[in-house]
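# Summary of the model geometry
These are the residues of each chain, in order.
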Amino acid sequence: MANHVNITSTGIKKVLRLYNEKQALAEYIWNGFDAKADTIRIDYTYNELGTLESLKVADNGYGINFAYLKDKFNPFYESEKAMEQRIHLHKSTMHGKNGVGRLTFFTFAHLAEWNTTYEEQGVYKNGSIQVAVGGLNNYESTLLDENVNTTTTGTTVSFSNIQLSKEALELSIIPYLQAEFCWFLELNKNKGFSIIINGQPLTYQDNIIDVEEGLLIRYPDSNTVFKVKFIQWKESLHKELSKNYFINHKGQEVYKDYTTLNKKADEYYHSVFIESEFFNEFDFNSSDHDAQVKLYSRTKSSSEYKYLIKKINELLRTKRKPFLKEFSNKLIEKYELEGVLPKFEATEQAKRQDLVETLKVIYEIQPKLFSGLSIDQKKAFVRLIHVLLNSADRGQLFQVMEGIVEMETEEREELMNFLAV
């Protein structure tokens with residue numbers, strides 16, 4: 001059965017123009033996990049020239065039900081404006097959404113074919129769907145078998161006329177997938193989630209800088225226990241960023257939220273996994289202003305939760321300190337090479353050291369102040385600090401800093417002590 005829509009193939013490519021082959025392949029993996037799969041298999045072959053001859057992505061999810069085929073490929077039936085809105089939503093949620101992700105194959109292949117097995121009212125059915133790069137606004141669907149002798153569901157996507165090399169896949173795309181899915185595989189580690197590439201599990205241990213697990217946070221008043229695992233990642237987690245993951249006693253994620261150190265412009269990528277029976281019936285949507293909060297203790301306003309977040313923040317700050325100290329040294333080295341630091345006479349080395357140590361302390365407190373600056377802006381910023389340090393009232397520097405950025409209590413105290421305000 002052929003299906004055609006008004007939006008052109010060129011229009012679809014325009015909407016999907018920001019995708020590259022790495023992101024596109026990730027979409028097919030996300031689609032599998034969205035279909036409740038726990039195992040994704042990527043298999044490929046290549047010729048003597050190193051060009052891929054075959055590429056398949058298979059999952060053991062619930063398949064694509066032909067009764068809802070148009071819903072599954074819903075973006076085919078939308079305007080370009082609606083598609084753009086859907087993609088924006090998809091990009092912020094970091095999950096493959098049915099429809100849009102299935103069209104991104106045009107970034108690396110000319111044809112995609114889905115072979116899917118699904119269950120409908122106790123009967124297992126198998127079908128095929130095809131889309132060609134020259135007609136992204138068309139798809140061909142064929143129901144191959146309406147009574148398959150199996151109890152296994154899943155979908156395999158096969159790509160034809162592939163414009164990828166073995167080298168690109170192994171040296172660029174696979175490392176991208178490691179950073180894309182490391183947090184997700186870690187979150188679902190106890191459930192056995194895996195991505196298998198040519199028979200080998202996708203590992204992400206090389207992306208871990210620091211890990212600490214088995215940490216117990218106990219709220220003394222109610223003896224509530226939280227089991228915590230902390231991971232610092234070497235590379236960015238792409239759109240997922242740094243988050244706290246709240247997990248109930250069954251190992252199920254019930255909520256996630258950004259950590260207080262997320263997007264501090266310091267490349268400190270991290271994830272915190274928090275497991276407790278306390279989250280079994282937790283209402284994460286309630287606020288302190290909610291009238292029902294007092295009647296329901298397991299909310300963000302509860303003493304246990306506030307205590308937990310306080311301890312998590314303390315853990316993150318402790319873990320982050322040596323990382324920032326190392327980067328503050330690299331910052332000074334970079335400023336030296338760029339000529340950002342002012343010239344000092346041999347008799348002024350004490351002033352130079354004072355400036356350098358102050359820059360390090362400020363960076364360790366608020367690294368965002370040092371990001372996105374041009375050379376001229378860096379010079380102006382450093383010279384302003386230098387002038388204030390050598391003024392009659394060093395406390396002016398603290399006042400300037402307080403007016404520029406919002407500091408936490410611990411950060412304010414640290415800067416005040418350093419400047420002896």
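Residues numbered from 1 in each chain as written. Predicted model: local features only at pLDDT ≥ 70, side-chain atom pairs only at ≥ 80, totals over all residues. Heavy atoms only, no water.

All right, on to the packing of aromatic side chains then. Given two aromatic rings, one states the distance between the centres and the angle between the planes to describe the pair. With the rule as written, the count across this model stands at 35 aromatic pairs. Relative to phenylalanine 184, the ring of tryptophan 183 has its centre 5.6 Å away and its plane inclined at 80 degrees; by these criteria the two rings are edge-to-face. By the burial criterion, tryptophan 183 is buried, and phenylalanine 184 matches it. With 5.3 Å between their ring centres and 75 degrees between their planes, phenylalanine 246 and phenylalanine 279 make a pair best called edge-to-face. One end of the pair, phenylalanine 246, is in strand 12 (residues 243-247); the other, phenylalanine 279, is in the loop between strand 14 (269-275) and helix 6 (303-338), and 33 residues separate them in sequence. Here the two residues phenylalanine 246 and phenylalanine 279 agree in accessibility, since each one is buried. Cluster of aromatic residues (ring-pair linked, three or more members): Trp30, Phe33, Phe181, Trp183, Phe184, Phe193, Tyr245 and Phe273. (Phe/Tyr/Trp six-rings, centres within 6.5 Å; stacked < 30°, edge-to-face > 60°. Buried < 20%, exposed > 50% of the residue type's maximum accessible area, 1.4 Å probe, protein only. Helix = DSSP H or I, 4+ residues; strand = E, 2+ residues; numbered from the N terminus.)

With that settled, the discussion passes to the side chain of asparagine 244. Mapped onto the fold, asparagine 244 is located in strand 12. When residues no more than four places from it in sequence are discounted, the contact partners of asparagine 244 are Tyr255, Lys256, Asp257, Tyr258, Thr259, Val272, Ile274 and Ile312. (Contact = heavy atoms within 4.5 Å.)

By secondary structure assignment, the location of lysine 351 is in helix 7 (residues 349-365). On the accessibility criterion, lysine 351 (40% relative accessible area) is partly exposed. Sequence spacing of lysine 351 and histidine 386 is 35 residues, and the spatial spacing of their C-alpha atoms is 8.5 Å. Excluding residues that lie within four positions of it along the chain, lysine 351 makes contacts with Phe344 and Asn390.

Further remarks concern the nonpolar core. By size, the foremost hydrophobic cluster in this structure holds 57 residues, and its most contacted members are Phe108, Phe159, Leu177 and Ile195. Per element, the largest residue contribution to this core is eleven residues, and it comes from helix 5 (residues 166-187). What phenylalanine 159 contacts, discounting residues up to four positions off in sequence, is Tyr28, Leu55, Val57, Phe105, Phe108, Ala109, Leu111 and Ala112. Formed by 48 residues, the second largest nonpolar core is a distinct cluster that contains Phe279, Ile312, Leu315 and Val340. (Core = buried A, V, L, I, M, F, W, Y, C linked by side-chain atoms within 4.5 Å.)

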